[in-house]
Amino acid sequence: MIMEGLQDGLNTFITDIDNTIADTSARLKRSLKEVGREEVYGKTAEQFGGFSDYLQAEELERFWGIFLSGRFLYLDEPAPDAAKFLTRLVEAEVDLVYLTGRHDDTGDTMRPGTVNWLEKNGFPPPGRNGTELYMKPERSGGDMEFKLDCLGDLCRKSPGSDELIGVGDHPDDAVAYRRSGVQPFLLTWPNLFSRSELEASVDGVEIVENWKGLEEVLCAD
């Protein structure tokens, strides 16, 4: 079903993955359990990061090694309404881009697990109908630099576009989108940042509660 009322000019839609279309809380909890520090989850569940305040250096390194791997990606829960919305977007012939700080390094990649998770949970799969998955080439690379490079390439591929939209959950997502000329939307549903923190990220950022709310904004008459 083609989306009725989709705003004119939209031809590329960009979305982050972690805490945007995927709730990573179960994976975080399981990764902490693997290092014997499951209790830390309760102290950091409603804030972004903060693990370094509770874990020793060796524990922290092991924790990130587990969390940023394919072992427990299957534990991620899809954000309500996200797969349905993105599927309808692709049916409306809008190019979909997953832009994530997950890495795709040789011998150390999250790509297979990410693709499997997307397909299992009903999301448009990369490689079909103009849908692409952009991942960092190595784990150690900075997310912001990587996303800015990718967004620059995407904008150059779409010269003259009336609108490119980017969705995320982190203030840095909005910064990267805005610097690249992409309209930023931030979701509040993961509850990792306060609404005021999200609103302060960049001028003109749109704040919506969840994917249902985003659809209502984009498809408003």
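Residues numbered from 1 in each chain as written. Predicted model: local features only at pLDDT ≥ 70, side-chain atom pairs only at ≥ 80, totals over all residues. Heavy atoms only, no water.

Enquirer: Requested: an account of the overall build of the chain, with residues and values cited.
Expert: From N to C terminus, the chain includes 9 helices and 9 strands. Relative to its length of 221 residues, the chain is compact, with a C-alpha radius of gyration of 17 Å against a globular reference of 17 Å. With respect to the principal axes defined by its C-alpha atoms, the chain has extents near 50 × 40 × 30 Å. Counting the 221 residues in the chain, one finds 49% classified as buried. Across the chain, contacts joining residues at least 24 apart in sequence account for 68% of those joining residues at least 6 apart. Counting every atom, the chain has about 10800 Å² of accessible surface; 45% of that belongs to carbon and sulfur. The chain carries 23 positive and 42 negative side-chain charges, and their two centres are separated by 6 Å. (Helix = DSSP H or I, 4+ residues; strand = E, 2+ residues; numbered from the N terminus. Rg over C-alpha atoms; globule rule 2.2 N^0.38 Å. Buried < 20%, exposed > 50% of the residue type's maximum accessible area, 1.4 Å probe, protein only. Contact = heavy atoms within 4.5 Å. Areas by Shrake-Rupley, 256 points an atom, 1.4 Å probe, with all protein chains shown as cover. Lys, Arg positive; Asp, Glu negative; His and termini not counted. Charge placed at Lys NZ, Arg CZ, Asp CG, Glu CD.)

Enquirer: An account of the environment of Trp-64 is requested, with residue identities and associated values reported.
Expert: With respect to the element layout, Trp-64 can be found in helix H3 (residues 57–67). In this structure Trp-64 touches Phe-51 and Arg-139, once residues within four positions along its chain are discounted.

Enquirer: Go over the packing of helix H1 (residues 25–34) against H3 with me, naming the residues and quoting the values.
Expert: Contact geometry of H1 with H3 gives a least axis separation of 9 Å together with a crossing angle of 135°. Compared by their axis directions, H1 and H3 come out oblique. Crossing of H1 against H3: the hand is right-handed. Residue-level contacts link Arg-27, Leu-28, Ser-31, Leu-32 and Glu-34 of H1 to Arg-62, Phe-63, Ile-66 and Phe-67 of H3. Its residues assigned to classes, the contact of H1 with H3 shows 5 nonpolar, 1 polar and 3 charged. (Axes fitted to C-alpha atoms, helices over the stretch in contact; angles between N-to-C directions. Parallel < 35°, antiparallel > 145°, perpendicular 65-115°, else oblique. Left-handed = near helix turned anticlockwise from the far one by under 90°. Nonpolar A, V, L, I, M, F, W, Y, C, P; charged D, E, K, R; others polar.)

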